[in-house]
Amino acid sequence: MAFALAVGGAAQAADYSGPLFDTHLHYNVEAWDGDAGPFPPTEALARMQRNQVTAIIANSRPNTGTRTLAAARETRAAGVMVVPFVRLYRNREDYTNWFRDPTIYDMVQTELARGTASGPYRGLGEFHLYDSANANGPIARKLVALAEEKQLTVLAHVDDVAVDLLMANAPSKGQSLRLIWAHTGIGGTPVARVDAMLARYPRLMGELSYRPGLTCEGGTLCPEWRALILKYPDRFLVGSDTWVNQRWSAYDEIMRSYRVWLGDLPPAVAERIAFGNAAALFGMR
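Owing to the predicted nature of the structure, the values given are computational and were not obtained by experimental measurement.

Peer 1: Just to check I follow, could you spell out a nonpolar patch on the surface for this structure?
Peer 2: Nonpolar side chains collect at one region of the surface, where Ile186, Tyr210 and Trp243 lie side by side and expose about 290 Å² of accessible area between them. Note on placement: Trp243 falls in the loop between strand E8 (236-237) and helix H11 (245-249).

Have a look at this one:
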């Protein structure tokens, strides 16, 4: 029996089998729509539970979705910890104007004062900057300063130039701002540039959904990414990015793909990226 278990364990060694922290989860209105959508809390939480997702960063358009997950009895029943972020979007129009719209800043203040059933908001975002220069917009600058002042984590879908600008607008010039870089450069920022940015900004974290060039044949890590992750084992995170309902439909596949390449790493490193880094960021361990 012991021999059989050992053989079975060896066969399973390629897949990481521990808990996952989904650091880029949206519960947008089209997913739930007051429980009338295709992914009501019961369905959304079932998908997390069967994939051993035991904690999430929730950010939603509008923020009602995050508050719904935070308060849902299904969330408690599934044992999922919700780390709520204030998303800057009330509707799709806000995607392209938030950085200069003073009513967005007012909305953020209102949400921060309200909090959630899971406790206070812990971050701002996800937000997009389709033009890097808009990181210098008046509301973008105010929100970056607010995030650093209140020790909120920023979740930003931007390019590397915009990361530099956001960091420059922080009071510490990027030394204290906690920023999760959604997709770690969805446009394919070169690995050497990512390396230099991680060295420059000690609180920068890279979230790895949609990251081009991350995996090679068989879904394992490409060599340059494996080397970078091993160099900075405490700086990377995983997430689902359920920005459209198709991503909810593919949730099992997304999480399974993470388990494949996490299994290509030393177990302690895999656990950090799968769960530990995010848990440490939010004081959960």
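Peer 1: Help me out: how do you make sense of the packing of helix H8 (residues 160-169) against helix H9 (residues 191-200) in this one?
Peer 2: Where H8 contacts H9, the two axes come as close as 11 Å, and the packing angle between them is 10°. Classed by the angle they form, the pair H8 and H9 counts as roughly parallel. Each of Asp160, Val161, Val163 and Asp164 in H8 lies in contact with H9, whose residues at this interface are Arg193, Met197 and Arg200. In the contact of H8 with H9, the residues fall into three nonpolar, no polar and four charged.

Peer 1: Explanation requested: the pattern of salt bridges in the structure shown.
Peer 2: Close approach of charged atoms allows side chains with opposite charge to pair. Per the counting criterion, the structure on display carries 14 salt bridges. A salt bridge links Arg47 to Glu43; the nearest nitrogen and oxygen atoms lie 2.7 Å apart. Separated by four residues within a single helix, Arg47 and Glu43 lie in helix H3 (residues 41-50), roughly one turn from each other. For Glu43, a relative accessible area of 25% puts it in the partly exposed group.

Peer 1: Sorry if this is basic, but what is going on with the sheet that holds strand E1 (residues 20-25) here?
Peer 2: Strand-to-strand pairing in sheets goes through backbone hydrogen bonds, with the strands running parallel or antiparallel. Strand order in this open sheet of eight strands is E1-E2-E3-E4-E5-E6-E7-E8, and the pairing throughout is parallel. The sheet is open, and its two edges are formed by E1 and E8, each paired on a single side. Relative to strand E2 (residues 53-58), E1 runs parallel, the two being bridged by four bridges. For Asp22, the partnering residue across the bridge sits in E2 and is Ile56.

Peer 1: Just checking my understanding: could you explain the environment of Glu126 for this structure?
Peer 2: Tracing the backbone through its elements, the reader meets Glu126 in strand E4 (residues 123-128). Overall, the relative accessible area of 2% leaves Glu126 in the buried class. Separated by 3.2 Å, the side chains of Glu126 and His24 make a polar contact. In terms of polar contacts, Glu126 uses its side chain to reach the side chain of His157, at 3.3 Å.

Peer 1: Even after reading the chapter, I still don't get H3, so can you show me in this structure?
Peer 2: Note on helix geometry: an α-helix contains 3.6 residues per turn, so any two residues three or four positions apart are oriented the same way. Within H3, the full set of buried residues consists of Pro41, Ala44, Leu45, Arg47 and Met48. Looking straight down H3, one finds its buried side chains confined to an arc of 155°; they lie on one side. Elements in contact with the buried residues of H3: E1, E2, helix H4 (64-71), helix H5 (73-78), H11 and helix H12 (251-262). Where H3 ends, the next residue or the one after it, Gln52, has phi of about 55°, a positive value.

Peer 1: Would you mind showing me how to read the packing of aromatic side chains here?
Peer 2: Ring pairs (aromatic) are described by centroid distance and by the angle formed between their planes. A complete count under the given rule lists 12 aromatic pairs for this structure. Ring geometry for Tyr27 versus Trp248: centroids 6.0 Å apart, planes at 75°, classification edge-to-face. Of the two residues, Tyr27 sits in the loop between E1 and helix H2 (29-32) while Trp248 sits in helix H11, which places them 221 residues apart along the sequence. Summarising the burial analysis for this pair, Tyr27 and Trp248 share the class buried. Taking 6.0 Å as the distance between ring centres and 75° as the angle between the ring planes, the aromatic pair formed by Trp225 and Phe236 counts as edge-to-face. With Trp225 in helix H10 (residues 223-231) and Phe236 in strand E8, this pair connects stretches of sequence that are 11 residues apart. Comparing Trp225 with Phe236 shows no difference in burial state: the two are buried. An aromatic cluster of three or more residues is present, and its members are Tyr27, Trp32, Phe39, Trp248 and Tyr251. Between Lys142 and the ring centre of Tyr105, over which it is positioned, the NZ or CZ distance is 4.0 Å. The ring of Tyr210 carries Arg247 above its face, with NZ or CZ at 4.2 Å from the centroid.

Peer 1: Quick question: what am I supposed to make of the side chain of Asn28 here?
Peer 2: In this structure, Asn28 sits in the loop between E1 and H2. Engagement of the side chain of Asn28 in a polar contact is seen with the backbone oxygen of Trp243, the distance being 3.4 Å. Leaving out residues up to four positions away in the same chain, Asn28 has contacts with Asn59, Ser60, Arg61, Arg87, Thr242 and Trp243.

Peer 1: Whenever I open this one, the state of the cysteines confuses me. Can you help?
Peer 2: Disulfide: a covalent bond formed between the sulfur atoms of two cysteine residues. Counted under the stated rule, the structure contains one disulfide. Here Cys216 pairs with Cys222 through a disulfide, and the sulfurs are 2.0 Å apart. The S-S bond linking Cys216 to Cys222 shows a torsion near 115°; that makes this disulfide right-handed. Judged by relative accessible area, Cys222 falls into the buried class, the value being 8%.

Reading guide: rules and limits
- Residues numbered from 1 in each chain as written.
- Predicted model: local features only at pLDDT ≥ 70, side-chain atom pairs only at ≥ 80, totals over all residues.
- Heavy atoms only, no water.
- Patch = residues over 30% accessible without salt bridge, like charges linked within 9 Å, V, L, I, M, F, W, Y side chains within 5 Å.
- Areas by Shrake-Rupley, 256 points an atom, 1.4 Å probe, with all protein chains shown as cover.
- Salt bridge = Lys/Arg side-chain N within 4 Å of Asp/Glu carboxyl O.
- Helix = DSSP H or I, 4+ residues; strand = E, 2+ residues; numbered from the N terminus.
- Axes fitted to C-alpha atoms, helices over the stretch in contact; angles between N-to-C directions.
- Parallel < 35°, antiparallel > 145°, perpendicular 65-115°, else oblique.
- Contact = heavy atoms within 4.5 Å.
- Nonpolar A, V, L, I, M, F, W, Y, C, P; charged D, E, K, R; others polar.
- Buried < 20%, exposed > 50% of the residue type's maximum accessible area, 1.4 Å probe, protein only.
- Pairing = 2+ DSSP bridges.
- Polar contact = N/O pair within 3.5 Å; in protein donor to acceptor, adjacent residues only side chain to side chain.
- Arc of directions from axis to C-beta.
- Phe/Tyr/Trp six-rings, centres within 6.5 Å; stacked < 30°, edge-to-face > 60°.
- Lys NZ or Arg CZ within 6 Å of the ring centre and 35° of its normal.
- Disulfide = S-S within 2.5 Å.

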